[in-house]
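# Structural overview
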Amino acid sequence: MKIAVVGMGYVGMSVAVLLSQKNSVKAFDIVESKVKMINERKSPIVDKEITEFLTTKQLDLVATTDFDFACSDAEIVFISTPTDYDDVSGYFNTSSVEQTIMNVARVNPSAVMVIKSTIPIGFTEQMNALVDNVVLFSPEFLREGSALYDNLYPSRIIVGVDKKAPGHTELAEKVCALFKMSCFKEDVPVLIVGYREAESIKLFANTYLAMRVSYFNELDSYAEVNGLDCKEIIQGVCLDPRIGSGYNNPSFGYGGYCLPKDSKQLLANFHNTPQNMIRAIVESNTTRKNHIVSMVIKKLSNVSGKKPVVGIFRLQMKANSDNFRGSSIIDVAKILNSKDVEVIVFEPMLEDGSKLEFGLVVNDVAAFKERADVIIVNRNNDVLNDVAEKVYTRDAFGYL
């Protein structure tokens, strides 16, 4: 089958690699350097399995910056362009998805489109009303850094359709079959549901994960303030099989590309529906970051005779990530910078000496450790073992 994938972020890249095992795939992106890397069989994102597949597998995959070339003869076009949350409007910025849909309709009026970007509830219906093409929605449930693995071993495959429209359910079954035949897991659960139900599944799933992160962060705040061992409490709580041990390691707040924006979007969709919990989940993240700042300030109380210096060790939300999108430690750094505190940052992905809005990049690790009165790190690192007395972290288990 001829397939196009628009947008080579971690979602689009993983879909393109997955499906190119057994289909002819054209991958479109506006960034020439990404396209060049893909055609040279190099991954433009940090993902172990994507790198391995590009270098060892026979993939029918070509990348291009020519939209018409990518989409004009495709039977199915997967759309995975960014939909960042807009705090002013209170909704996702779906302009890139909308523009892509219009462009596909222009060059290929018969192509089936499948939205993989996260979107507001009701969006797919709106798009179907604007074009003659069939537009479906298939939520992704991928972890950044393990996106292809999660597509190879999916927890479920979900496609949203207009069940009353003739032939739409059959098209959804065709999309499900594409993913099933390309993944390595047997007996993957498949759900074909309505548009709004599929959109809701995505937002409610990620907001539940945000709630779980917030729950264990608040448990940790209680333990920290009251001098208790949070690790022992969490271990005891999580031995209950109804609770389990996922997403239980305290952090500076839930972050990344999905959880913050998806929980805010879900809250916006609740504007005419009674709720307490969804708003609490969104607000809890700010509460947690402010608590972290207050504890760091407290740790600085013994610094006298100079302006205290806080060192931020790495800006990623989690280990082995190649970006800082939505990282909670950045918000913590911004709050600290607004206090009477100097902030320095150790981040090898940035140029030494660069000035950020919240601090100066110092990538000489010895100088960084020497200058900082307190070093905050979201996830422990052995590099800081020799200055353990300076380190502030809430990492209890050593994983995300």
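Our subject is the structure listed above.
The notes below deal with the structure included here. Here the structure is a predicted model, which means the values were calculated and not measured.

Okay, the sheet that holds strand 14 (residues 359-361) next. Taking strand neighbours across the sheet as the criterion, the six strands line up as 13-14-12-11-15-16 in an open arrangement whose pairing is mixed. Two strands in the sheet have a free side with no partner beyond their single neighbour: strand 13 (355-356) and strand 16 (391-392). Two strands pair when backbone bridges link them, and strand 12 (residues 342-346) and strand 14 are joined in this way by two bridges, in the parallel orientation. Pairing of Val345 across the sheet is with Val361, part of strand 14. Helix 13 (residues 328-337) rests against strand 11 (309-313), strand 12 and strand 15 (374-376) of the sheet, and its axis sits at about 170° to strand 11.

Ranked by internal contacts, the top residues of the largest apolar core, which has 45 residues, are Val17, Leu19, Leu61, Phe78 and Leu136. With eight residues, helix 1 (residues 10-19) is the single largest residue contributor to this core. When neighbours within four sequence positions are excluded, Leu136 is seen to be in contact with Val112, Met113, Val114, Ile115, Thr124, Val159, Gly160, Val161, Leu171, Ala172, Val175 and Tyr195. If you look at the next biggest cluster of nonpolar residues, it comprises 28 residues, including Val77, Ile79, Ile115 and Phe123.

Okay, the pairing of strand 9 (residues 157-161) next. Where burial is concerned, most of strand 9 is hidden: five out of the five residues are buried. By the alternation rule, side chains of strand 9 split into Ile157, Val159 and Val161 and Ile158 and Gly160, which are all buried. Sheet topology places strand 9 next to strand 10 (residues 190-194); five bridges connect them, and they run parallel. Across the sheet, the residue bridging to Ile158 is Leu191, located in strand 10. For the segment spanning strand 9, helix 8 (residues 168-182) and strand 10, crossover handedness is right-handed.

With a phi close to 50°, Tyr247 is a non-glycine residue in the positive phi region. When you line up the elements, Tyr247 lands in the loop between helix 10 (230-238) and helix 11 (259-269). With a phi close to 70°, Arg314 is a non-glycine residue in the positive phi region. Mapping Arg314 onto the fold places it in the loop between strand 11 and helix 13.

With that settled, consider the layout of surface pockets. One number sums up the size of the second largest pocket: a volume of about 680 Å³. What lines the second largest pocket is a set of 37 residues, and nearest its centre among them are Gly7, Gly9, Ser80, Thr81 and Pro82. Ranked by the residues each element gives to the lining of the second largest pocket, the list is headed by helix 5 (residues 95-107), at four residues.

In this section: the packing of helix 9 (residues 195-225) against helix 11. Direction vectors running N to C along helix 9 and helix 11 enclose 120°, while the axes themselves pass 8 Å from each other. Looking at the two axes, helix 9 sits oblique to helix 11. Seen from above, helix 9 lies across helix 11 with left-handed handedness. Across from Lys202, Leu203, Phe204, Asn206, Thr207, Leu209 and Ala210 in helix 9, the residues of helix 11 making contact are Leu259, Asp262, Ser263, Gln265, Leu266 and Asn269. Class assignment for the residues of the contact of helix 9 with helix 11 results in six nonpolar, five polar and two charged.

Tracing the backbone shows Asn249 in the loop between helix 10 and helix 11. In this structure Asn249 comes out as buried when scored by relative accessible area, which is 5%. In this structure the C-alpha to C-alpha distance between Asn249 and Arg394, which are 145 residues apart in sequence, comes to 8.3 Å. Within the local environment of Asn249, its side chain forms a polar contact with the side chain of Asp395, the two groups lying 2.8 Å apart. Within the structure, Asn249 has its side chain in polar contact with the backbone nitrogen of Ala396 (distance 2.9 Å).

Okay, the pattern of salt bridges next. Oppositely charged side chains can form a pair if their charged atoms are brought close together. Tallying each qualifying case throughout the model produces 19 salt bridges. A salt bridge links Asp373 to Lys306; the nearest nitrogen and oxygen atoms lie 2.6 Å apart. Linking Asp373 in the loop between helix 14 (365-371) and strand 15 with Lys306 in the loop between helix 12 (277-299) and strand 11, this pair joins segments that are 67 residues apart in sequence. The class for Asp373 is partly exposed, based on a relative accessible area of 22%. Here the residues in one salt-bridge network are Asp220, Glu224, Arg288 and Arg394, joined through shared partners.

So, about a nonpolar patch on the surface. A contiguous nonpolar surface patch, about 290 Å² in accessible area, is contributed by Tyr149, Tyr153 and Phe184. Checked against the element boundaries, Phe184 lands in the loop between helix 8 and strand 10.

Applying the stated criterion across every chain yields a total of 12 aromatic pairs. Residues Phe28 and Phe67 carry aromatic rings whose centres are separated by 5.3 Å and whose planes lie at 85° to one another, so their mutual orientation is edge-to-face. Residue Phe28 is located in strand 2 (residues 24-28), and its partner Phe67 is located in helix 4 (residues 67-71); the two are separated by 39 residues in the primary sequence. Of the two residues, Phe28 and Phe67, neither departs from the other in class, the shared state being buried. The structure contains a cluster of three or more aromatic residues connected by ring pairs, namely Phe53, Tyr149, Tyr153 and Phe184. Note that Lys26 overlies the ring of Phe69, its terminal NZ or CZ placed 4.0 Å from the centroid. The ring centre of Phe53 lies 5.1 Å from the NZ or CZ of Lys57, which sits over that ring.

We now examine empty space enclosed by the protein. Inspection of the entire model under this criterion finds one cavity of 30 Å³ or more. The volume enclosed by the largest cavity comes to roughly 140 Å³. Lining of the largest cavity is provided by 14 residues; of these, Lys116, Pro139, Asn151, Pro154 and Arg156 occupy positions nearest its centre. Elements supplying a minimum of two residues to the lining of the largest cavity: helix 7 (147-152) and strand 9.

Conventions and cut-offs
- Residues numbered from 1 in each chain as written.
- Predicted model: local features only at pLDDT ≥ 70, side-chain atom pairs only at ≥ 80, totals over all residues.
- Heavy atoms only, no water.
- Pairing = 2+ DSSP bridges.
- Helix = DSSP H or I, 4+ residues; strand = E, 2+ residues; numbered from the N terminus.
- Contact = heavy atoms within 4.5 Å.
- Axes fitted to C-alpha atoms, helices over the stretch in contact; angles between N-to-C directions.
- Core = buried A, V, L, I, M, F, W, Y, C linked by side-chain atoms within 4.5 Å.
- Buried < 20%, exposed > 50% of the residue type's maximum accessible area, 1.4 Å probe, protein only.
- Right-handed = clockwise from strand over helix to strand, strands pointing away.
- 1 Å grid on protein atoms, 1.4 Å probe; cavity = no way out; pocket = protein on both sides within 12 Å on 5 of 7 lines; lining within 4 Å.
- Points joined across faces, edges and corners; volume = space filled by probe spheres on them.
- Parallel < 35°, antiparallel > 145°, perpendicular 65-115°, else oblique.
- Left-handed = near helix turned anticlockwise from the far one by under 90°.
- Nonpolar A, V, L, I, M, F, W, Y, C, P; charged D, E, K, R; others polar.
- Polar contact = N/O pair within 3.5 Å; in protein donor to acceptor, adjacent residues only side chain to side chain.
- Salt bridge = Lys/Arg side-chain N within 4 Å of Asp/Glu carboxyl O.
- Patch = residues over 30% accessible without salt bridge, like charges linked within 9 Å, V, L, I, M, F, W, Y side chains within 5 Å.
- Areas by Shrake-Rupley, 256 points an atom, 1.4 Å probe, with all protein chains shown as cover.
- Phe/Tyr/Trp six-rings, centres within 6.5 Å; stacked < 30°, edge-to-face > 60°.
- Lys NZ or Arg CZ within 6 Å of the ring centre and 35° of its normal.

Remember that the coordinates give geometry; whether it matters functionally is a separate question.
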